[in-house]
Amino acid sequence: MELRVLEKTDTELRIEVADEDHTFMNVLKGELLQTEGVAAATYDMNPEQSGGQTEPILSITTETGFDPLDALEEASNGVSDRMTTLYDELDAGFAGAA
Amino acid sequence: MADDFDVEVISRDEDGRSARFLVRGLTPAMANGIRRAVVADVPTLSIDTVRFVENSSVMFDEMVALRLGLVPLTTPLDDFELGDTVTLALDVEGPATAYSGDLETSDSLVRPADENIPIIELKQGQRLEFEADAVLDTGKDHAKHQGGVAVGYRHLQRVEVLGDRDGFDEEEPHILRGVIETDEGELVHTEEFGADLTNRYPGKELAVTDVPDAFVFHVETDGSMDVDELVLRAVDSLRDRADELATKVAV
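All of these numbers come straight from a predicted model, not from anything done at the bench. All chains use their own residue numbering, which begins from 1 and follows the written sequence. Lettering of chains starts at A and numbering of ligands starts at 1, both following the order in which they are written. The model is predicted, so local features are restricted to residues of pLDDT at least 70 and side-chain atom pairs to those at 80 or more, both for listing and for counting; the totals for chains, interfaces and linings are taken over all residues. No hydrogens and no water enter the side-chain calculation; it runs on all heavy atoms of the structure.

Turning next to the overall build of chain A. Only runs of H or I of at least four residues qualify as helices and only runs of E of at least two qualify as strands under DSSP, and these elements are numbered from the N terminus. The number of helices and strands found in chain A is two helices and four strands. Ordered by position in the sequence, the α and β elements of chain A form the string β-β-α-β-β-α. Only C-alpha atoms enter the radius of gyration; for comparison, a globular chain is expected to reach 2.2 Å times N to the power 0.38, where N is the number of residues. In terms of overall size, chain A is more extended than a compact globule, its C-alpha atoms giving a radius of gyration of 16 Å where 98 residues would be expected to give roughly 13 Å. Along the first, second and third principal axes, the C-alpha set of chain A runs to 50 × 40 × 20 Å. Between buried and exposed lies partly exposed: a residue is buried under 20% and exposed over 50% of the maximum accessible area for its type, with that area taken using a 1.4 Å probe on protein chains only. Looking at the 98 residues of chain A, the share that counts as buried comes to 41%. Sequence separation of 24 or more characterises 53% of the internal contacts of chain A that already satisfy a separation of 6 or more. Note on areas: Shrake-Rupley with a 1.4 Å probe; residue coverage comes only from the protein chains shown. Put simply, chain A shows about 4800 Å² of open surface, and 42% of that area lies on carbon and sulfur atoms. Averaged over its 5 positive side-chain charges, chain A has a centre that lies 6 Å from the centre of its 22 negative ones. The contact definition used throughout considers only heavy atoms, calling two residues in contact when any of these lie within 4.5 Å. As used throughout, the charge tally considers Lys and Arg to be positive and Asp and Glu to be negative, leaving His and the chain termini uncounted. We put the charge of a Lys on NZ, of an Arg on CZ, of an Asp on CG and of a Glu on CD.

As structure tokens, then:
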């Protein structure tokens, strides 16, 4: 996962997340939209054959007073926490069924 | 809100190769993320390079090699990293059929998940002998590395009995696929009553609704690992990526 900031202002961020696809980007976008201070979040990805930008570009707009990079960090931690909880729940569920 | 997950295993094969389980509290994005990770991001071992010593069978080397790649190999993921290889070998002389079970392996933990996959039928005087390297890679790279072969999910559906059906209405079949939640909170797969709700609730008027945030997954593996491990590894891969992103953003 290589990050490249394309555009950054106080309330806006456009960042390229190399080597990722819908699998992670969509989960991350979903989490961002639930993060405090995030006004808009989306990602754009082009197909392999398009000849243009094929790595996903994440765009975040925040409300004034919130830094988009902080929001991104918070959302990543949010995804991580959820996946940890889910991992434990699944583990327990499968152990109970085996 | 979505932090309260609830997992219930509905059915699970004894050999651990397929399972159906319900997860509550997921968003559609997470459900799809898990499905995609199971298919494309959990690596498995698969034959990738073959060195033929003798191939006097009716198939070209390339054709035999393609068939070998599709043989699922058991994959103990704790002991391997992406790109690691394991050597396998085979020597069969006709008249006989070379089966996946004839593959000799250099690592007892890595062997064909099924012993009875035919590789090629050899006639009198034909012989197949080779040495092959299996490599650990992901389904994103090549479909032969997919651990999950039939992975999908559906919404859980709630069936409510509203009352008796109007006596003059004609009874029509009410076909429904997937798992339903009854008024008593019981989880039943519709296959148990022929996928027709009128078999289970004759003469009743029903309302069927999707349960929000509740997904019933059905996962089947090729035998590289069991369903539990496959799904847990998929969730883990999503968590790892989130952690990596958090670390990189924090710097």
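Moving on to helix α2 (residues 61-69) of chain B. All names here are of chain B. Among all positions of α2, only Val64, Leu68 and Gly69 are buried. One face of α2 carries all of its buried residues, which in axial projection span an arc of 140°. The exposed set on the far side of α2, more than 90 degrees from its buried face, consists of Glu62 and Leu66. In this description, the arc belongs to the directions extending from the helix axis to the C-beta atoms.

So, on to the sheet that holds strand β11 (residues 187-189) of chain B. Hydrogen bonding along the main chain pairs the strands of a sheet, whether they run parallel or antiparallel. One open sheet holds the six strands; their spatial order is β1-β2-β12-β9-β10-β11 (chain B), and the pairing between them is mixed. Two strands close off the open sheet at either side, each with one partner strand: β1 (6-12) and β11 of chain B. This sheet shows a mean twist of 30° between the axes of neighbouring strands, independent of strand direction. Whenever a helix is involved, its axis is fitted only over the stretch in contact; in every case the axis is a line through C-alpha atoms, and angles between N-to-C directions fall within 0 to 180 degrees. Helix-sheet contacts for helix α2 (residues 68-97) of chain A involve β1 and β2 (18-24) of chain B, and the interaxial angle to β1(B) is about 35°. Each of β1, β2, β9 (148-164) and β12 (204-221) of chain B touches helix α4 (residues 227-250) of chain B; the most contacted strand, β12(B), lies at about 90° to it. For two strands to be treated as a pair, DSSP must find at least two bridges joining them.

With that settled, the discussion passes to the UniProt feature "domain: DNA-directed RNA polymerase RpoA/D/Rpb3-type" (unreviewed entry) in chain B. UniProt's feature table lists "domain: DNA-directed RNA polymerase RpoA/D/Rpb3-type" (unreviewed entry) at residues 18-248 of chain B, given in the numbering used throughout. The span residues 18-248 of chain B is 21% helical and 39% strand by assignment, and the distance between its end C-alpha atoms comes to 37 Å. UniProt positions are given in the numbering used here, feature names are shortened, and annotations may be inferred rather than shown by experiment.

Turning our attention to the UniProt feature "domain: DNA-directed RNA polymerase RBP11-like dimerisation" (unreviewed entry) in chain A. The positions UniProt marks with the feature "domain: DNA-directed RNA polymerase RBP11-like dimerisation" (unreviewed entry) are residues 12-86 of chain A. Across residues 12-86 of chain A, the secondary structure splits into 41% helix and 25% strand, with the terminal C-alpha atoms separated by 31 Å.

Okay, the domain arrangement of chain B next. All names here are of chain B. Domain delimitation in this document rests on an assignment produced automatically or drawn from a domain database. Split into domains, chain B comes out as domain 1 (6-41 + 148-238) and domain 2 (44-138). Centre-to-centre, using C-alpha coordinates, domain 1 lies 37 Å away from domain 2. On the side of domain 2, 10 residues touch domain 1, which itself brings nine residues to the contact. Across the interface of domain 1 and domain 2, roughly 730 Å² is buried in total on both sides, 47% from carbon and sulfur atoms. Criterion for a salt bridge: a side-chain nitrogen of Lys or Arg within 4 Å of a carboxyl oxygen of Asp or Glu. Joining domain 1 to domain 2, the criterion identifies two salt bridges. Here a polar contact is taken to be a pair of N or O atoms separated by no more than 3.5 Å, where protein atoms must pair a possible hydrogen donor with a possible acceptor and residues adjacent in sequence count only if both atoms sit in side chains. Our count for the contact surface shared by domain 1 and domain 2 stands at four residue pairs in polar contact (both at pLDDT 80 or more). Gly falls in the polar group here, along with every residue not listed as nonpolar (Ala, Val, Leu, Ile, Met, Phe, Trp, Tyr, Cys, Pro) or charged (Asp, Glu, Lys, Arg). When its residues are assigned to classes, the side of domain 1 that touches domain 2 shows two nonpolar, two polar and five charged. A simple way to read buried area is as the amount of 1.4 Å-probe accessible surface that goes missing from two parts once joined, with both sides added.

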